[in-house]
Structures are given as structure tokens and as C-alpha cells.
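Summary of structural features
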Amino acid sequence: VVAVHWSTEDFPGTAAANDSMRMVFRSRPDLGVEYFAEYLESDRFPGSAKAALRDYIRHKYRGRRIDLVLAITGVALEFVLEERDELFPGAPVVYHGFDEPAPGVRVAGAGVTGILNSAGISETLELALKLHPSTQRVYVIAQAAGHPAMPSARMALQPYESQVDLHYVIAPSVRDLMQAIDSISGPALILYVRYSSEQPGQVLFPTDVARRVGEAARVPVYTIHDAFLGSGIVGGTMHETRQTAARAAAIACQILEGRRAQDIPMEYPALLPIFDWRQVRRWGIDPASLPADSKILSREPTFWELYRWYIVGAVGVIVLQALLIVGLLAQRARRRRAEAEVTKSEAALRTSYERIRQLARQLISTREGERSRIARELHDNLSQQMALLSIDVDQLGREVEGLDPATARVRALAARAGEIASDIHDLSHELHPAKLEMLGLVPALHGLCRETSAAAGLDVALHHESATPHLSSDLALCLFRIAQEALHNVVRHSGATRADVRLSLECRTLTLSVADDGVGFDPASPQAGGIGLLSMRERVHLLGGDLDVRSAPGAGTTVTARLQLALAEPANS
Amino acid sequence: VSRRRILVADDHLPMLRYARDLLASEFDVVATACNGKAALEAAATCHPELAVLDISMPEMSGLAAAACMADWPDCPRVVFLSVHDDPEFVDAARRVGAAGYVLKRSMAVDLLPTVRRALLDPQPVL
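The rules behind the values
- Residues numbered from 1 in each chain as written.
- Chains lettered and ligands numbered in written order.
- Predicted model: local features only at pLDDT ≥ 70, side-chain atom pairs only at ≥ 80, totals over all residues.
- Heavy atoms only, no water.
- Helix = DSSP H or I, 4+ residues; strand = E, 2+ residues; numbered from the N terminus.
- Buried < 20%, exposed > 50% of the residue type's maximum accessible area, 1.4 Å probe, protein only.
- Contact = heavy atoms within 4.5 Å.
- Areas by Shrake-Rupley, 256 points an atom, 1.4 Å probe, with all protein chains shown as cover.
- Arc of directions from axis to C-beta.
- Buried area = accessible area lost by both parts, 1.4 Å probe.
- Salt bridge = Lys/Arg side-chain N within 4 Å of Asp/Glu carboxyl O.
- Polar contact = N/O pair within 3.5 Å; in protein donor to acceptor, adjacent residues only side chain to side chain.

A look at the overall build of chain B
The helix and strand inventory of chain B stands at five helices and five strands. When the helices and strands of chain B are placed in sequence order, the string is β-α-β-α-β-α-β-α-β-α. Expressed as a percentage of the 126 residues in chain B, the buried residues total 54%. The contacts in chain B between residues at least 6 apart in sequence include a share of 60% that link residues at least 24 apart. Surface exposure of chain B reaches about 5500 Å², of which carbon and sulfur atoms provide 54%.

Structure below.
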């Protein structure tokens, strides 16, 4: 396969087309295509190019069969068709260009088919005017030796003459052109179709000129060829050279597979709006106003596109952290609330405990006060009355001595009065021991031990130090009541034969213990204690002391109360 | 022979009256009082030879009054009246130097002999 280009090898569009076509052939190893490219360059060598290339090809490809010719542009097609019989006999032609081949050409000889591009000049201007609606002047650059750029442009743009002020820039040299460009400003556009200079020493391809124009222009520059993009030109409506060249190569493959060129219809690829993103940004064109099917070149990835995952990650971490912080704060608040609740309920509990103790204290002291009052009443009045009654009865007894039935009855009366007096005395003593108040704790305990021994037939001994301090009535009463209750328990529950009551003072701690040798009990069992132990404990607690009960089944019981002497009470009085 | 001077104290008025009348039959009852404190004051002014004191009285008990009198140079002898027959009371009476301890219910029989005995010289010990 030989491709004949009009332009030079290093013309950017040419290189792109070659590259694209080679790739298509390479992708079909089954066809075994050998691809060669030749360059007519009749624009630069108008007189000699055709003959030189003909001779060159003839010599170069001597002895080789050429199966297919690709003709790039109308100029190349003209050359290929002129020389086909001699240079490429029987080879079908695949054409890639702008100008429609003459009607007979398609079917003549081995046939012609291919791709017909449109120039896109009017479409580009249409698009440019839509994107820059305030445009008043359009400067058209369409000047190339041996190339019908200017007439094509004039023809295509004729419909716009009434709409905008169209200027066709005529510049014999690039310098002139650049001067002209420099003077363009205001609400204007430049439409760069093509410009090339073949002046000796100053050969410039249209791509080079395009770059200069794009860089120098102070108004947006549009163009019709994708090879001109990338150097300051905004864009335009055009074909993608690589795409159309690849299509042409694909058609060539069909022919190499055996189809006749005549049978393959010409293809008319659609124009595509193509933009250089940097220029779109430079001229402040709203990307949303670009046609929906636009192709954007050199698009710089946005900050979001570049760092999307970093941003997502960072935001995720921040959100997570924020949630964590919120969670921690919420938990702290909850904990504080709970602590406050606990503190409050603790305080309430303390208050109610204090109230209960206060109540218990009041209960005990009220009860003791009441008992003491009744005991005093019994003692101070009833006992005296009974004593007087006894005296009177005794007197009566002496007076009736000898009178038989009366004497016996008065004696019985005296005995009953004595019993009642004794009962009243016992009751009074039980309610509130007068001994305790009058004689103090030790004599009162002596009395208690003696009475318990006598009443229960049990050996009760009191052990105490000789010097016992004078105690407050509260303290004395408390210890007496504990001894009373403990001995009461000994008599009722222990079955003991002996009990020892000990009172001792050590470092201002008064200790009273009541120990027995009875059956004992398990202090851990739920039945242990009962109301007696409870009230003993409460009495001791009320005076800031503690009560200790030690017992085990079969090992007797020891109840120990420890109380601190108040500072006002001298330890040794 | 001049009658021996005696003080009687009891907070129970019928009892006080009875005791006073009983003692007055034989002795000169120079003062009566209805509590320990009044008994002390009366004793300080009347200087009785013997005080018959109820062992338990309001304001100041007979025991306390006796303990106070014991410190006086011319302290009167003391005989207690009591409804308590417990040995602890008797011990307490002995400790304050009492010369007698009479149960109220047997006053009619025991008081005069006890006072008589208490007034003997040398002073008998309870």
C-alpha cells in the first residue's frame, strides 16, 4: 500500500494521518500490508514536484506490485489518477480529502472510494459567533500558495457577510500578518483557515503560523483543522485527522480483503466541535455553552478530579473525628448526668439515713424519757403511798391484836400491801433504774447482775475497775440497757450457766462486754440478732460507738460495746 | 433533859408529816425540808444533831446532801429513809457515813429505835 500525500512529511496533520493508518494496518496482520508514504509537495515545488515523484516512484517500486493507493487530498488524488496506469496499474484508490472527485472517476479502472471531509469553515464561524455573540468583526486568514484556501473561505462565508463585518487578511509575509494580527482588538474574532509562507529563508508551515497567530492575538482565534490546535487557538468545527485517516485505512482493508472499490460508497464523516480547554478558560467562555458533543483537548483536571480521593478521605476522617468527638462529648455529658444523679441520690440517701437516725434517737430518748417519767411517778408517789398504807395496816394490826378473825385478815392485808409495793418498786425499776441515776453505772450493773442471778438461777459476775469515771446519763443508760438486753438474751436463748459482765476503760474508750458459755448462734444466719441486737446496735451507734457480736454454734456469745468518752468527762473522776 | 434536835426531809408530804409526827413524840424536830438542798440549808442554820433524810429526792438526793454534810466540822448524824431494799442502796448509804437505813414501810416500828441508836456515843456504824 502506498499513501501519497500532498504535503511534506513533517506537516503535523500528515504525520498524524500516517501514524493512524499504520496502526490500522498493523492491527490486521492477516492482510500482510507493507505501508509506504510518499510526499508530492507540489505546493513548495510547483513546477517539478509531480514529474520528480513519478520518476521516483517508478524507480523506487520497480518490480513490486502495488495493490492499493491512498491519496491524501485532492491534489494527491489528481496525481495518482493521472499516473495510475503507469505507476500503480490495477490498483484501486482510497481517497481522503475535501474535494468531491469527478463523477466518472469513482468507477473508472480499479475504482476510487474513500472519505470526503468537509472544510467546516462556515460551521466554525457559526459556532464562534454563538460563543461570542457580541462579535462585530471577523478577520479571516486564508492564504496559502497553491492552495484554494481563500476562494473556499469566501464561498463558505458569503452567507455571513450581512451578519458581521468580514475582513480577509492579505499579508504577503508573516511579518505583515503579525502586524495585522497585532492591530486586531475589540469585539472581534480571527478565523484561521490556513496560512503558509514559501519565501526562501522563511518557510513556515500553517501550523507554525497558527501558533504565532494564537500567541499574538488579542481576540479569540478559531480554526478548521485539528492540527492547528494546541497553541493559543480556541477551537472550531472540524474533523479529527486521526479518526478520518483511520476510517480511510479501514476502507483500504475492506478492499484488500477482496471488495471492489466501486462497491464501497464514499463516507462523509460528521464534523465535530473541538476546543482547547486552556483557551476556553482564557477567553472566559462558559463551558456549559459549548455544544454538548464537543471534544475538549488539554483539559486540566479540576482540583476535585485531581484530589478527589484525598478530599473524600480527608472529609471522611474529619467527619469520623467529628462524630467521635460528638460521641465522646455526649458520653461525657451522660456520665456527668449520671454522676450528678448518683451524687444527688447519695445525698438524699445520706439525708434520709440521718433523718432515720435522728428519728431513732428521738424514739429512744422519748421512750426513755417517758419510762423515766412513769418510773418517777411510781416511785415518788405510789411507792410512798404504799409505804404509808403498809404502815397504817401494820398499825391496824397492832390495834386489833388478839381479836381473832381480824388479826389474820389484817396480816393478809399487810402481806398484800407489801406485795403490791414490791411490784410497784420492781416495775419502776424495770422502767427506769433509779439506781443508775442515783448511784451510777457500776452499782446499777451490780444490782442487775444480782437480780438476774437470783431470777434466772444463773451465775452472773460483774468485773470492773475500781476507778470508774462519772458518765453522762446518756452513756450510762446506753451501757446499762445493753447489759440489760444482753443478759436478757442470755437468760432467754443461751441456756448458759454462767455470764460475765465486764466494764473497762482504756484510752478514753469504755468497753462493756457480756459473755456467756451458752449454745451460741451463727451470726451470719438471717435469723441471727433480731430486734434486741438491732436496738442495742442502734443505741451504741447513736452515741458514736460500735457493737460487736461474736458467737458460733456451741461456743457461747460475747456482745461487746465500745464507746468513746466525751472530752468534757474527766476520765478519772 | 433537853430533847435531841432532829431534822426531817422527804419530798412526799404525807410521808414527811408522818415521819415528823413520829419523831416529835420523842425528839425536837427543829426543821423539815422537802428536798436535799433545802435540807442542807436548814441543817446549816439549825445545826441538828441528826438528819433523817429520804434517800431519793428531787433537786438533790438525800445521798448527795449527806455527802455534803459529811465535810462539815459539826456534821449531823444521818439516818436514811428509803423504799429501796436493794443492797446497793445500803452500800451507798454506808459510803456516805450514814448511821441508819430505815425502810419506809417499816418506819412505824424501826425509825425511833434506829434514831435512838444513831444518837448514841460513840457513833455507831451502819
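Having seen the model, we can carry on.
What to know about the environment of Ala421 of chain A
Along the chain, Ala421 of chain A turns up in helix H11 (residues 404-431). Sequence separation between Ala421 of chain A and Gln385 of chain A is 36 residues; the distance between their C-alpha atoms is 9.0 Å.

A short note on helix H7 (residues 206-216) of chain A
The set of residues buried in H7 of chain A consists of Pro206, Thr207, Val209, Ala210, Val213 and Gly214 of chain A. Projected down its long axis, H7 of chain A shows its buried positions confined to an angular sector of 155°, all on one face.

A closer look at the interface of chain A and chain B
A common way to state how big an interface is: give the accessible area lost once the parts meet. Listed as interface residues are 21 residues of chain A and, on the opposing side, 23 residues of chain B. It is Gln384, Ile391 and Met438 of chain A in chain A that bury the most area against chain B; as a group they hold 28% of the surface buried on that side. Linking chain A with chain B are three salt bridges, by the criterion used here. Glu88 of chain B is the salt-bridge partner of Arg450 of chain A, the closest N and O atoms lying 2.6 Å from each other. For the pair chain A and chain B, the number of links is nine residue pairs in polar contact (both at pLDDT 80 or more).

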